[in-house]
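Reading the structure
So the chains spell out like this:
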Amino acid sequence: MRGRARRTAAAALALVATAPMLSACFEEPSAHEAVRDFLIGWQTGDYAAAARRTDGDQKVVSRALEDAKLQLDAASFRFNVTSMRRAADEVEADFDAEVDLGENNPLWEYEGKLPLHLVDGQWRVRWSPSVLHPQLREGERFAVKVTPEGRQPILDRNRDPLQEKAVLHVASVVPSNLRSGEADELCERLSKITGFPQDRLLSRIRSAPPNLQVPLVTFGRTKFRQLQGQLEAIPGITLSAQEQAVAPASPTQIVGTVTAVTPESEQQLGGPQRAGDTVGRAGLQKAYQEHLTGSTDTRVITVDLKTLKVTELKKWRPDRATSPVQTTLDRSHQKAADSALLGGTPGMLVAVQASTGDILAVSSTEQYNQERHALAGRFPAGTAFSIMTVEGMLRAKIDPKQKLACPADRSVGGAAFHQEGVPAGGSPTLQANFASGCVTALAALARRINGSELAADAAKFGIGVPWTLPLKSFSGSMKALKNDAATARAITGQNVLVSPLSMALVAGAAASGTWRPPVLVTEPRTADPTTDAKPSKAPDPVKLDDKTVETLRAFMRSGVTAGSARAAAALGDPVHGITASASQNRKPLAWFVGWQGDVAVAVLTQSPDATSGAAVAGRFFQGLHAGM
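Residues numbered from 1 in each chain as written. Predicted model: local features only at pLDDT ≥ 70, side-chain atom pairs only at ≥ 80, totals over all residues. Heavy atoms only, no water.

Our next topic: the overall build of the chain. When you go through the chain residue by residue, the secondary structure sums to 21 helices and 27 strands. Expressed as a percentage of contacts within the chain between residues at least 6 apart in sequence, the contacts between residues at least 24 apart total 68%. In the structure as shown, the chain presents an accessible area of about 27,600 Å², 49% of it carried by carbon and sulfur atoms. (Helix = DSSP H or I, 4+ residues; strand = E, 2+ residues; numbered from the N terminus. Contact = heavy atoms within 4.5 Å. Areas by Shrake-Rupley, 256 points an atom, 1.4 Å probe, with all protein chains shown as cover.)

In structure tokens, the structure reads:
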């Protein structure tokens, strides 16, 4: 049960308890019965019964009570008599009123008075508009003015907005411009076209100040084009275009799209969602919907129908403030990443700040999704996983300068390994094989590296660590290493799955000497503003062994100076990195994992050229240097 239905049921239950209570308050049955019958009739919607207990024209009184409910768009009224006083043939009853403003959310509480006098020996409520509220006068009506706060922005690390202007189209009305009965027909036709409930559209018109523009439905560009002709044919509708900063800037799939409220999203979200509000459909816009929008300023007012003078009866500030979402993304890094991928090869690039784990850029070509693939994709690591084997090599006292053949084919524990493009000349060193990503040479290390220790070493680089981001992400996984064959497959990344994000963090760990969990959003701390629960604790940073870091840096520098990652070289600080080949679903993949200065990257391209990822990384680093 949702919204109005739930509140209506609650009011009905309250009535059962209220009726005896009202009766019990009264000492003199005649005057007290008149008060009781009037308030119960008003509370339950039996306006005719309430009107019979007044001295006014019963049709006029009944209509006034009904209009009060419509003008306030009230879900329910509840009353409690607090005192009664008698002076000769006059009685005055004091009562507390609670009005549930339904869609507009606040509970309006006020104190009212019922004057009674004897008419032909019967106690009657002396009717005037002030019976409804002490400040309501003849010729005035209630109205509810609701002002939604604009959608807050998603910001990059420098507090620049990650949204651009987009045009939304609004269908609205001015209630006072509608002839008698025209509002009903207008809402019926608009409901058939849009799917919004007719009664809710009509309630918004009836409860609004009569002289103000009332937005009813908001459309995006595509939907508006489809319905424009039908909308223009409805008498009384005004169509207007409004610019709002809702179009996502790059990285678009991380920032997320925003659409106008639809009948479906209105039902799902509940609360004070109204025409003109926007709904995050994906990315951070969806994850932080409750922070970014949904906060309204609500006022109950009276309006003089001749002069249109407004008197404020009650005002509510939002019970929660909307707030922008502060991210770690950096526009300059994002621009460099987007430009680096313009070469035509399908691929992805994730850049992080090595010293913090902050995600600086997430970019992809159209073949990949920035969230599902760059952050949460599951791809074979290839020989890029050899980064995690260095501590095991040192533990086994394997000399980096040791000669290690790189044959075209090798078998380890019954598992076959193949190396494309065997290097010419004599046997290269272990460091050279690492720098060039020789599959067969690295697989041979399985006989000297302990499988269980390798899994523990990988965890130090975050593989399989349960971090939490507001969007989907994947930290990596590897199968149990029960024999040499399984260990050899792990070293060469054949039974290890990783994401570009997890490998960018691996590079950051090698660069800074400490693995750190990823950070995408710094404020607010949780995606749900209605909970006081503390955000889940991020995994602790893991400091790597100094000798391991020193060796890794030498290995990965040689990948750029003498190995297969030469294409990643760029001006500025020395570039470190290695390449790796892999395949998935018969598609060739090429990795680059490395860093320059404090910026660590992982690039994954769909290409048979093992150096393809390094070329993208080189363009990225060059773009950063040019921007600086």
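With that settled, consider the packing of aromatic side chains. Considering all chains together, one arrives at 13 aromatic pairs under this definition. Seen from their ring centres, Trp42 and Phe77 are 5.5 Å apart, and the 40° between their planes marks the pair as tilted. Note that Trp42 is positioned in helix α2 (residues 29-44) and Phe77 in strand β1 (residues 76-87), a separation of 35 residues in sequence. For the ring pair Phe219 and Phe224, a centre distance of 6.4 Å and an interplane angle of 50° mean the geometry is tilted. Side by side, Phe219 and Phe224 carry an identical accessibility label, which is buried. (Phe/Tyr/Trp six-rings, centres within 6.5 Å; stacked < 30°, edge-to-face > 60°. Buried < 20%, exposed > 50% of the residue type's maximum accessible area, 1.4 Å probe, protein only.)

On to the nonpolar core, then. When a protein is soluble and globular, its nonpolar side chains tend to lie buried together. Core analysis: the largest hydrophobic core is formed by 85 residues, its most contacted members being Ile387, Leu445, Leu501, Leu520 and Trp591. Apart from residues no more than four positions distant in its own chain, Ile387 is found in contact with Phe434, Phe461, Val506, Leu552, Met556, Ile578 and Val593. Core analysis: the second largest hydrophobic core is formed by 40 residues, Val35, Tyr47, Ala50 and Val61 among them. (Core = buried A, V, L, I, M, F, W, Y, C linked by side-chain atoms within 4.5 Å.)

Turning our attention to the sheet that holds strand β4 (residues 122-125). Read from one edge of the open sheet, 4 strands run β1-β2-β3-β4, paired in antiparallel fashion. Of all the strands in the sheet, just β1 and β4 have a single pairing partner and so form its edges. Here the average twist between neighbouring strands, direction ignored, is 25°. As defined by bridge partners, strand β2 (residues 90-100) adjoins strand β3 (residues 107-119) across 11 bridges and the pair is classed as antiparallel. (Pairing = 2+ DSSP bridges. Axes fitted to C-alpha atoms, helices over the stretch in contact; angles between N-to-C directions.)

The next point concerns helix α18 (residues 484-491). The buried fraction of α18 amounts to 6 of the 8 residues, a majority that puts the element mostly inside the structure. For α18, the complete set of buried residues consists of Ala485, Ala486, Thr487, Ala488, Ala490 and Ile491. Where α18 is buried, its residues meet β18 (409-412), β19 (415-418), α16 (439-443), α17 (451-460), β20 (477-478) and β21 (496-498). Backbone nitrogen of Ala485 and a side-chain oxygen of the N-cap are separated by 3.2 Å at the start of α18; the cap is Asn483. Downstream of α18 by a residue or two, Gly493 has a phi angle that is positive, lying close to 70°. (Polar contact = N/O pair within 3.5 Å; in protein donor to acceptor, adjacent residues only side chain to side chain.)

Right, let's talk about the packing of helix α12 (residues 331-340) against helix α21 (residues 612-627) for a bit. Contact geometry of α12 with α21 gives a least axis separation of 8 Å together with a crossing angle of 140°. Comparing the axis directions of α12 and α21 gives the class oblique. As for the relative orientation of α12 and α21, their crossing is right-handed in sense. Within the contact between the two elements, α12 uses Ser332, His333, Ala336, Ala337 and Ala340 and α21 uses Val616, Arg619, Phe620, Gly623 and Leu624. Classifying every residue of the contact of α12 with α21 by side-chain character gives 6 nonpolar, 3 polar and 1 charged. (Parallel < 35°, antiparallel > 145°, perpendicular 65-115°, else oblique. Left-handed = near helix turned anticlockwise from the far one by under 90°. Nonpolar A, V, L, I, M, F, W, Y, C, P; charged D, E, K, R; others polar.)

A few words now on the pattern of salt bridges. Side chains bearing opposite charge may pair, as long as their charged atoms lie close to each other. By the definition in use, this model includes 20 salt bridges. Arg85 is the partner of Asp94 in a salt bridge, and the nearest nitrogen-oxygen pair spans 2.5 Å. Residue classification places Arg85 among the partly exposed residues on the basis of a relative accessible area of 36%. The partner of Asp358 in a salt bridge is Arg157, with the nearest N and O atoms 3.5 Å apart. (Salt bridge = Lys/Arg side-chain N within 4 Å of Asp/Glu carboxyl O.)

Turning next to the state of the cysteines. This structure, assessed with the given rule, holds 1 disulfide. Note that Cys406 is cross-linked by a disulfide to Cys438, the S-S spacing being 1.9 Å. With the S-S dihedral at roughly 100°, the linkage between Cys406 and Cys438 falls on the right-handed side. Taken together, the positions of Cys406 in the loop between α14 (390-395) and β18 and Cys438 in the loop between α15 (430-436) and α16 put the pair 32 residues apart, joining distant regions of the chain. Both residues of the pair, Cys406 and Cys438, count as buried. (Disulfide = S-S within 2.5 Å.)

Below, the discussion takes up the environment of Glu185. Tracing the sequence through the fold places Glu185 in helix α5 (residues 182-194). C-alpha of Glu185 to C-alpha of Ile234: the two residues are 49 residues apart in sequence and 8.9 Å apart in space.

Before going further, it helps to spend a moment on the confidence of the model for the chain. Overall, the prediction assigns the chain a mean pLDDT of 89, with 90% of residues at 70 or greater. Overall, residues 269-273 carries pLDDT values under 50, and its contacts beyond four positions in sequence, including any with other chains, amount to 17 contacts. (pLDDT = per-residue confidence, 0-100.)

Taken residue by residue, a regular strand's side chains alternate between the two faces of the sheet. With respect to burial, strand β26 (residues 587-596) is a largely interior element, 8 of its 10 residues being buried. Inspection of the sheet shows strand β25 (residues 575-584) paired to β26 by 10 bridges, in the antiparallel sense. Paired with His576 across the two strands is Trp595, which belongs to β26. Where β25 hands over to β26, the hairpin turn is made up of 2 residues, of which Asn585 adopts a positive phi near 50°. Sheet topology note: the β26/strand β27 (residues 599-606) ladder contains 8 bridges and is antiparallel. Bridge pairing in β27 links Ala590 to Thr605. Following β26, the chain reverses through 2 residues before pairing antiparallel with β27; Gly597 in that reversal takes a positive phi of roughly 60°.

This paragraph deals with unusual backbone geometry. A cis amide bond links Ser250 with the next residue in sequence, Pro251, at an omega value of 5°. Relative to the elements of secondary structure, Pro251 occurs in the loop between β9 (238-248) and α8 (252-255). Omega for the bond connecting Glu523 with Pro524 falls within 30 degrees of zero, at -5°, which places this linkage in the cis form. Backbone geometry at Asn585 places phi at a positive 50°, although glycine is not the residue there. Of note, Asn585 is situated in the loop between β25 and β26. Despite not being glycine, Arg586 has its phi angle at roughly 65°, a positive value. Considering the arrangement of structural elements, one finds Arg586 in the loop between β25 and β26.

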